[in-house]
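Structural description and commentary
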Amino acid sequence: MSMAINGDLAVKKSPMQRILRAFIDIRELTLLFMIAIIIIVMANLNPYFLSFSNFRALSVGMAPTAIIVIGMAILLASGGFDLSVGSVMALSSTVVAMLMLAGYSIPVAVACSLVLGAVVGFSNGLLVTGLGINPLIATLGTMSIARGIALVLTEGFSLSSLPKEFGWIGKATMGGLPVLVLLTMVLILIFDLAVRHTRFFRQVYFIGANEKAAMLSGIHVGRVRVIAYMLTGILAALAGVLLASRLMSGTPTAGNGIELQVLAAAVIGGASLRGGEGTILGAFLGVVFVALINNSMTMLAVSIYWQMIVIGAVLVSAVALDMLIRGRRN
Amino acid sequence: MRHESVSVTGVTTGQSPLFTLSGVKKSFGSNLVLDGIDFELLPGEIHALVGENGAGKSTCLGLLYGLHQPTDGEVQRNGQQVRIESPSHAQALGIGCVFQELSLAGGLSVAENIFAGRAPSRFGVVDWPELRRRAEALLAEFDLSINVSQPVDSLPISTRQIVEIVKAISMDSQILLLDEPTSALTPDEVDALFKVLRKLTAKGIGIVYVSHHMTEIFAIADRISVLRDGKKISTTPTGGTSQGKVVAEMIGGAHPGEVERSDDQLGDVVIEVEGLTSPDHFMDVSFGVRSGEILGVAGLLGSKRSEIMRSLVGLMHGHSGNIKLRGKSANFHSLRDAMRAGIGYVPEERKTEGLFLEETLYNNLAAASLDKHTRFGLIRRRSVMEASERAIKAFGVKTRGPEEIIGSLSGGNQQKIMLAKWLERAPDLLIIEEPTKGVDVGAKFQIHTELQRRAAEGMAIIVVSSDFPELVSLSSHILVVHEGRVMGDVAAHDATEDSLLQMAAGLSANGGRPSAPLQKGMNP
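Residues numbered from 1 in each chain as written. Chains lettered and ligands numbered in written order. Predicted model: local features only at pLDDT ≥ 70, side-chain atom pairs only at ≥ 80, totals over all residues. Heavy atoms only, no water.

**Structural notes on the side chain of S303 of chain B**
Residue and element names in this part refer to chain B. Within the secondary structure layout, S303 lies in the loop between strand 15 (294-298) and helix 9 (305-312). In this structure the side chain of S303 is engaged in a polar contact, spanning 2.7 Å, whose partner is the backbone oxygen of L300. With residues near it in sequence (within four places) discarded, S303 still touches V481, H482, E483 and G484. (Helix = DSSP H or I, 4+ residues; strand = E, 2+ residues; numbered from the N terminus. Polar contact = N/O pair within 3.5 Å; in protein donor to acceptor, adjacent residues only side chain to side chain. Contact = heavy atoms within 4.5 Å.)

**Considerations on the sheet that holds strand 14 (residues 282-290) of chain B**
Whether parallel or antiparallel, the strands of a sheet pair through hydrogen bonds between backbone atoms. All names here are of chain B. Here four strands make up an open sheet; going across it, the order is 14-13-16-17 and the pairing antiparallel. The open sheet has two edge strands with one neighbour each: strand 14 and strand 17 (328-329). Relative to strand 16 (residues 320-325), strand 13 (residues 269-278) is paired through five bridges, and the arrangement is antiparallel. The partner of I271 across the bridge, within strand 16, is L325. (Pairing = 2+ DSSP bridges.)

**Quick word on the packing of aromatic side chains**
Scanning the entire structure with this criterion turns up six aromatic pairs over all chains. Note on F194 of chain B and Y209 of chain B: the rings are 6.3 Å apart at their centroids and 70° apart in plane angle, and the pair reads as edge-to-face. Of this pair, F194 of chain B sits in helix 6 (residues 187-202) while Y209 of chain B sits in strand 10 (residues 206-210); the two residues are 15 residues apart in sequence, bridging distant segments of the chain. One exposure class covers both F194 of chain B and Y209 of chain B, and it is buried. Taken together, the ring pairs in this structure connect F191, F200 and F201 of chain A into an aromatic cluster. (Phe/Tyr/Trp six-rings, centres within 6.5 Å; stacked < 30°, edge-to-face > 60°. Buried < 20%, exposed > 50% of the residue type's maximum accessible area, 1.4 Å probe, protein only.)

**A look at the confidence of the model for chain B**
All names here are of chain B. Predicted confidence across chain B gives a mean pLDDT of 83, with 92% of residues reaching 70 or more. Considering only residues more than four positions removed or in separate chains, one finds that residues 1-12, a stretch of pLDDT under 50, has 25 contacts. Within the model, pLDDT remains below 50 along residues 255-260, and this stretch shows ten contacts once partners closer than five positions in the same chain are excluded. Model confidence for the complex: the whole-complex pTM is 0.68, and ipTM, which rates the interface, is 0.71. (pLDDT = per-residue confidence, 0-100.)

**Things to note about the nonpolar core**
I68, I70, I74, F191, F201, I280 and F289 of chain A are the most contacted members of the largest nonpolar core, which has 82 residues in total. In this structure, F289 of chain A is in contact with L31, M34, I35, I38, I268 and V314 of chain A, ignoring residues within four places of it in sequence. Counting residues in each nonpolar core, the second largest holds 50 residues, with L144, V148, V166 and V226 of chain B among its members. (Core = buried A, V, L, I, M, F, W, Y, C linked by side-chain atoms within 4.5 Å.)

**Brief notes about the interface of chain B and chain A**
Across the boundary between the two partners, chain B contributes 39 residues, which contact 25 residues of chain A. Here chain B meets chain A over a buried area of about 2500 Å², counting both sides, of which 58% is carbon and sulfur. Linking chain B with chain A are one salt bridge, by the criterion used here. Ionic pairing is found between E112 of chain B and R202 of chain A, a salt bridge with its closest N-O pair at 2.5 Å. Seen at the junction of chain B and chain A, the total is nine residue pairs in polar contact (both at pLDDT 80 or more). Of all the secondary structure elements, the ones that give two or more residues to the side of chain B that touches chain A are helix 2 (87-92), helix 3 (110-114), strand 8 (125-126), helix 5 (157-169) and helix 6 of chain B. Its residues placed into classes, the side of chain B that touches chain A shows 19 nonpolar, 13 polar and seven charged. (Buried area = accessible area lost by both parts, 1.4 Å probe. Salt bridge = Lys/Arg side-chain N within 4 Å of Asp/Glu carboxyl O. Nonpolar A, V, L, I, M, F, W, Y, C, P; charged D, E, K, R; others polar.)

**Thoughts on the pattern of salt bridges**
Oppositely charged side chains are able to pair whenever their charged atoms sit close together. All names here are of chain B. One pass over the full model with this rule turns up 25 salt bridges over all chains. Across the pair R326 and D428 runs a salt bridge whose closest N-O atoms are separated by 3.6 Å. Of this pair, R326 sits in the loop between strand 16 and strand 17 while D428 is found in the loop between helix 14 (411-423) and strand 21 (429-433), placing the two residues 102 residues apart along the sequence. Given a relative accessible area of 42%, R326 falls into the partly exposed group.

As structure tokens, this is what we get:
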């Protein structure tokens, strides 16, 4: 006897309905659709919008955010998050500059600042898993500490006159495309696939969905969490190094407030503070979407203050829409 | 007691046990939870572990699954002493566990959940086709047809429970620990689960089965071990004991008998409902309850029994018909109105509707009767504390005291406080839904006794339940509803579980075919 237990109660739907469903269900598709609309509308409103130089500026500008959102999306999926990313970015941009100015070679300086990012991430992870401090409080603390260290080290000044070769990553192009942007795309692609398909990163979703259940399933919850925080720290540090390379200076005030932009973009991209949800591609498209809206408003000469209001409204609407759709489905 | 030669159905005697606990003690702080437990599991055996909440069953399972380590005593796996450090260690030792609370990740697919954290992979990359194939193979082994690619949260709860069990089996466990595996299942699904369990035991897998459902235990278990207050009271082959005996051992005394009821003690009509109709929910519902009477309302899921009750207490509106409370028309706009008129309403879901889980016991108890404990706008702590102590005593609540956070009490004790909270108001009419859902026999007995005592003192009580034996033993009259219609109003002493089920399923009206009356007072 076969048991008649099948949750597949859905009534058969027409292909059109199913495509529509997929558009609403799969956040990446919804966002791609919205991005396409913005591009089409803007192309008609301002011919300069579609120009290569605008797109290059746009993509170079959002590269650090896009790199940081990778870590944030993974953390959000695991049920955590990290406010210290902006400070880590600033710290690593100053440390890499200081080390080079002190005469260390570029690879050594870069490696050291990435390790520093890992250390901050490791501390975040320990505070959250070992001591059980709420991630909001723990990373709020490290956010302040890391920024403070960057300011103490530089006494608040930016560090310039960095070795010329260091500017290569930030400024060089390959086949007409900035290396910075290519590197970001490669990272997004690698991490999106990794999070979708590797055993290690799949564990993150179990932890985010139900931490206790993950533990009872034999998953090493603490270890996975700490690694996720370390990864986020390393990526934030990498973003700092790339920023320093592009600006040819170490800036202790860099990335101020970027943590909230990154969080907002990840949530627009389908992540949830409850954990267990979201993809890297979705979070990346969230970054693209927000950057495009900002860019469009700048082109339309909307004041920067109004831009903040619009971005806030977009964030809240995206989440509200999501809740409505879910509510209806349940 | 250990290694005694028992004749166990389907098990050859003299086999060496899969695991043995000998003299195991476990204390948390100064609190001794297990006090020298001896327990063993043979290959191919289903060994039921029963006891009231707090008797130590969960701790026993926790010890075997590496959540706790014993303070004293020995755990042996296949004759070798082991110390099980963590769930992953337990899994490596071939021990799988299904906990009462579902432990699946809702957004992920069935297949991925079954192999949580252990998905087949090459160089760390998950092999999705292989994962699906293995999940399907496992499910097919038990004649289950579930689409393994769909997300778990699109499945009904009962199916999730099955997925949970398959997940535990997928670890190639030789030992399976099941904690209340049937709590979310319908009778058909329970049968299906039992088939799965028998297939497992036929392969030599041993199962520890923790449950409150005596009928199920007697249907499936080979042996039964009773725990009480951290001690093992007995281990007997199922054939050598009876439900009454097991219950008596669990609660440590004579087993609950029937409380005498007689109709001549009944007083005036407290509530009278006539032709109550709510277009989307129910039609022409009529009944009456007298002072001192317990009316049972029997209905399955979708019977709209809750909607009827919610209409009586002002939580649902838009109905027509007459509701009379002590002869006066009573259409309440809100629950507050109904409460003022002397009605108490204990909802079904204690965790979400009935209690403030993170609050103390005394705050929960006082929540519905703050007026009573208030003088000049200030809450009198002493009065609340005294009320709490009274409730703790009356119900035999197992707690460290009124200051304890209610969420840390066992389900049965939470249920008692939820009921006590409404009894505090001393309502004329108490409406209570599923009074003993998910509580153990001891708590059930105490709740029943208290309800009967209050009725004897003159309270009118409506008990809504899908536990039909409970209704038969508790109430004097039973109203059976099916899809919003009254199928019958029968005297409890004429009712049988079977006849009630027939009516509740809409198969017959008022009576059904007669069969032997249900044995009262014996239904845990």
